[in-house]
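# Observations on the three-dimensional arrangement
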Amino acid sequence: MQSSVLSGKTYFIRTFGCQMNMHDSERVSGLLDSCGCLEVAEPAEADIVIFMTCCVREAADTRLYGQCSSCKSLPAPPGGKRVIAVGGCIAQRDGAGLLTNLDNVDVIFGTASIAHVAELLEQAFVEGGHHIRCEEKDSGAATDMPWHRAENYRAWVPIMTGCNNFCSYCIVPYVRGREKSRSFEKIVDEVTGLVRIGVREITLLGQNVNSYGRDLFGTPRFAELLRAVGDTGIERIFFTSSHPKDLLPETIDAMAEVPAVMPQLHLAVQSGSSRILKLMNRRYTREQYLALIDQVRERIPDIALSTDIIVGFPGETEEDFEQTLSLAEQVGYAHAFTFIYSKRAGTPAATIEDPTPRDVILERFNRLVKVIEDGAYAYNQHDLHTVVPMLVEGTSKKDATRLLGKSPKNQTVHAPIPEGYTVDELIGKIVDVDVDRARTWYLSGTVVGSPR
Ligand code: SAM
Ligand code: SF4
Ligand code: F3S
């Protein structure tokens, strides 16, 4: 789709939030590329600056205001006029209301309106003024648009959009709409096409992939999808996120039996207290979660488990928090994202009073981080003095002589660049690393054998 107005214009895109938003950004870039635009690395060089926003926690909101305001002091671009666009979850939530605080924004597009970005930008260049489109109800359409991938060896593949779960603290269902699964055939075809062009690793994306297909077939078909995607020849499959209440035995079987499904599972627990889980509307208890972990470990003994945990949910007591600590100790996560509860207007939890002082919450948060770190350190010791296949992503930010990549368990791995190779030759290759150091957040060692 060439556009005479947009053709030749430069754009800069910055993304906040989750993988779903990052993938949406790839769709926006794909659309602009197809209009003849060119991506640049700095907002100062860009005719079009796009912010793909997140509102899951308050901090993400605040950052947007800072970034948009800083655009005001940029020098004018070569074309004379710069258009500022805001997409993603804040745009969907606030729509035109964003203009109250951000007077320099020209275009606002919601999570389900990505297909209209080019026409909105064109209108902003031609007519000036504000152009807003947030009314579309589901974002299924964006998943079938062209996309621009940063890497040619791995890719995100959205399998569904939206969320039906309404956890009491979470804004996502309000800004992303209800669950909408992509067609089974389209997903498998997309992965087949990716394999054909050399992609080796995919991550299947959805807010709750375990319920994939419920809206299409009346029953979830995620296990079947894993098997079908596994038959395409793709070498590594990850997926995120999984809601514990919907993780079925047949999915655990597929994970154990499909060789390409990597031994890694992100299973957000949020709290170790059944009382808090009930207030969170998570629809499982501590005991049910732990029983699920046992089932998963029975089938895939050395699986790397990761999770999300919220500290400071309104009314969480010391006793509740200690339940979370003991659950984290018992599970021994390889990785965890820990968050301090952030009140989100419009969610049910926002109406619950919380007498807990902030410093108590911070102190609990730090205790949890320590338990998570100890667990991750202990988990990584399993791989010390073993050979781990690393998919090379590039070099370490701190040391350009060291390769950086990921293990099948999604651990970060480092190793010196082997003699006779350049980094560019190795990006996207799998190299075996003989691990001689296992730390909390990485493994490191020496490359052995030949890259493949
Ligand atoms: N659908 C995913 C799941 O349930 O596993 C989670 C997606 S959400 C974008 C990522 C994480 O943000 C959640 O798992 C939760 O831990 C955290 N989160 C969501 N709302 C929050 C809030 N109001 N305050 C703090 N953390 C929050
Ligand atoms: Fe938010 Fe819960 Fe949906 Fe995850 S499952 S996106 S935490 S409402
Ligand atoms: Fe944020 Fe929206 Fe993702 S609120 S975490 S970008 S779904």
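Residues numbered from 1 in each chain as written. Chains lettered and ligands numbered in written order. Predicted model: local features only at pLDDT ≥ 70, side-chain atom pairs only at ≥ 80, totals over all residues. Heavy atoms only, no water.

## A look at the site of ligand 2
Test applied: A molecule or strand has a residue near it when one of that residue's heavy atoms lies within 4 Å. Three residue categories are used. Nonpolar comprises Ala, Val, Leu, Ile, Met, Phe, Trp, Tyr, Cys and Pro, charged comprises Asp, Glu, Lys and Arg, and polar comprises the others, including Gly.
Taken together, C163, N165, F166, C167, Y169, C170, V172, P173, Q207, H243 and R282 make up the full set of residues near ligand 2. Per-class residue counts for the shell around ligand 2 are seven nonpolar, three polar and one charged.

## A short note on the domain arrangement of the chain
We count it as follows: Where each domain begins and ends is defined by an automated method or by a domain database. Summed over both partners, the accessible area lost on bringing two parts together, with a 1.4 Å probe, is the buried area. Any carboxyl oxygen of Asp or Glu that lies within 4 Å of a side-chain nitrogen of Lys or Arg is treated as forming a salt bridge with it. Polar contacts here mean pairs of N or O atoms no more than 3.5 Å apart (in protein, one a potential hydrogen donor and the other a potential acceptor; neighbouring residues in sequence count only if both atoms are side-chain atoms). Numbering of helices and strands runs from the N terminus; a helix is a DSSP stretch of H or I covering at least four residues, while a strand is a stretch of E covering at least two.
Domain assignment breaks the chain into domain 1 (10-133), domain 2 (141-379) and domain 3 (384-448). Taking only C-alpha atoms into account, the centre of domain 2 sits 26 Å from that of domain 3. Looking at the side of domain 2 facing domain 3, the largest losses of area belong to Y153, R200 and R236, adding up to 38% of the total buried there. For the pair domain 2 and domain 3, the interface holds two salt bridges. Among the salt bridges present, the one from D302 reaches K409, with a minimum N-O distance of 2.7 Å. Viewed at the interface, domain 3 and domain 2 are joined by six residue pairs in polar contact (both at pLDDT 80 or more). Contributing elements (two or more residues each) for the side of domain 2 that touches domain 3: β11 (236-240) and α13 (358-380). Sort the elements by how many residues they give to the side of domain 2 that touches domain 3 and α13 lands first, with five residues. Residue composition of the side of domain 2 that touches domain 3, grouped by class: ten nonpolar, two polar and seven charged.

## Points about the UniProt feature "binding site: [4Fe-4S] cluster 2" (unreviewed entry) in the chain
The following threshold applies: UniProt positions are given in the numbering used here, feature names are shortened, and annotations may be inferred rather than shown by experiment.
Mapped onto the present numbering, the UniProt feature "binding site: [4Fe-4S] cluster 2" (unreviewed entry) falls at C163, C167 and C170. Position of C163 among the secondary structure elements: in the loop between β8 (160-161) and α5 (172-176). Within the secondary structure, C170 is located in the loop between β8 and α5.

## Some remarks on the layout of surface pockets
The cut-off we apply is this: The pocket and cavity definitions rest on a 1 Å grid over protein atoms only: a 1.4 Å probe that fits but cannot leave marks a cavity, an open set with protein on both sides within 12 Å along at least five of seven lines marks a pocket, and residues lining either have an atom within 4 Å of a point. Grid points are joined across faces, edges and corners, and a volume is the space filled by probe spheres set on the points.
If you add up the space inside the second largest pocket, you get close to 190 Å³. What lines the second largest pocket is simply S396, K397, K398, D399, R402, L404, H414, R437, Y442 and S444. Tallied by class, residues from the lining of the second largest pocket come to two nonpolar, three polar and five charged.

## Notes on the sheet that holds strand β10 (residues 201-205)
Basically, it comes down to this: The rule for pairing is simple: two strands pair if DSSP sees at least two bridges between them. In this description, a line fitted to the C-alpha atoms serves as the axis of each element, helices being fitted only across the stretch in contact, and the angle between N-to-C directions of two axes falls anywhere from 0 to 180 degrees.
Read from one edge of the open sheet, three strands run β7-β10-β11, paired in parallel fashion. Lying at the two open borders of the sheet, with one neighbouring strand each, are β7 (154-158) and β11. On average, adjacent strands in this sheet sit at an angle of 20° to one another, irrespective of strand direction. Judged from the five bridges that link them, β10 and β11 form a sheet pairing that is parallel.

## Looking at the packing of aromatic side chains
Inclusion rule: Aromatic rings from Phe, Tyr and Trp, taking only the six-membered ring of Trp, are treated as a pair when their centres fall within 6.5 Å; an angle between ring planes under 30 degrees marks them as stacked, one over 60 as edge-to-face, and anything in between as tilted. Accessibility here uses a 1.4 Å probe with only protein chains present; expressed as a share of the type maximum, an area under 20% marks a residue as buried, one over 50% as exposed, and anything in between as partly exposed.
Within the structure shown, the criterion is met by five aromatic pairs. A centroid spacing of 6.0 Å and a plane angle of 35° characterise the contact between Y284 and Y289, whose relative ring orientation is tilted. Each member of the pair Y284 and Y289 is classed as buried. For the ring pair F313 and Y341, a centre distance of 5.7 Å and an interplane angle of 70° mean the geometry is edge-to-face. Of the two residues, F313 sits in the loop between β13 (304-311) and α12 (318-331) while Y341 sits in the loop between β14 (335-340) and α13, which places them 28 residues apart along the sequence.

## Details of the UniProt feature "binding site: [4Fe-4S] cluster 1" (unreviewed entry) in the chain
Our working rule: Contacts between residues were defined by any pair of non-hydrogen atoms, one from each residue, lying within 4.5 Å.
Under the feature "binding site: [4Fe-4S] cluster 1" (unreviewed entry), the UniProt entry names C18, C54 and C89. In three dimensions, the annotated residues from a span of 72 residues occupy one location, with a maximal C-alpha spread of 10.4 Å. The topology assignment puts C18 in the loop between β1 (10-15) and α1 (19-34). By the element assignment, C54 lies in the loop between β3 (48-53) and α2 (58-70). The exposure class of C54 is buried, given its relative accessible area of 10%. Contacts of C54, omitting those with residues within four sequence positions, involve F16, G17, N21, A60, D61, C89 and I90.

## Observations concerning the site of ligand 3
Taken together, C18, N21, C54, C55, V56, C89, V172, R176 and Q207 make up the full set of residues near ligand 3. Grouping the amino acids of the shell around ligand 3 by side-chain chemistry returns six nonpolar, two polar and one charged. There are two domains that each give the shell around ligand 3 at least three residues, and those are domain 1 (10-133) and domain 2 (141-379).

## A short note on α1
Applicable threshold: Any helix carries an expected span of 1.5 Å times its number of residues minus one.
The end-to-end C-alpha separation of α1 is 22 Å, in line with the 22 Å expected for 16 residues at 1.5 Å each. Taken as a whole, α1 has its buried residues at M20, N21, H23, D24, S25, E26, R27, V28, S29, G30, L31 and L32. At the exit of α1 stands G36, carrying a positive phi of roughly 90°.

## A look at the environment of D374
Positionally, D374 belongs in helix α13. Distance in space between the C-alpha atoms of D374 and Y333 is 9.3 Å, their sequence separation being 41 residues.

## Brief notes about the packing of helix α6 (residues 184-196) against helix α8 (residues 222-230)
Here is the rule we go by: Comment on the angle field: the value is read as roughly parallel under 35 degrees, roughly antiparallel over 145, roughly perpendicular from 65 to 115, and oblique elsewhere. Crossing handedness: left-handed means the near helix sits turned counterclockwise from the far one by under a right angle, and right-handed means the same turn made clockwise.
Viewed as axis vectors pointing N to C, α6 and α8 meet at an angle of 30°, and their least axial separation amounts to 9 Å. The pairing of α6 with α8 is recorded here as roughly parallel in orientation. Between α6 and α8 the crossing geometry is right-handed. Of the residues in α8, those in contact with F184, I187, V188 and V191 of α6 are E224, L225, A228 and V229.

## As for the sheet that holds β13
Taken together, three strands build an open sheet; the order of strands is β12-β13-β14 and the sheet is parallel. One side of each edge strand has no neighbouring strand; the edge strands of this open sheet are β12 (264-266) and β14. Strand-to-strand, the axes of this sheet are offset by a mean angle of 10°, without reference to chain direction. As paired strands, β12 and β13 are joined by three bridges and run parallel to one another. When the sheet's bridge partners are listed, Q264 is paired in β13 with A304.

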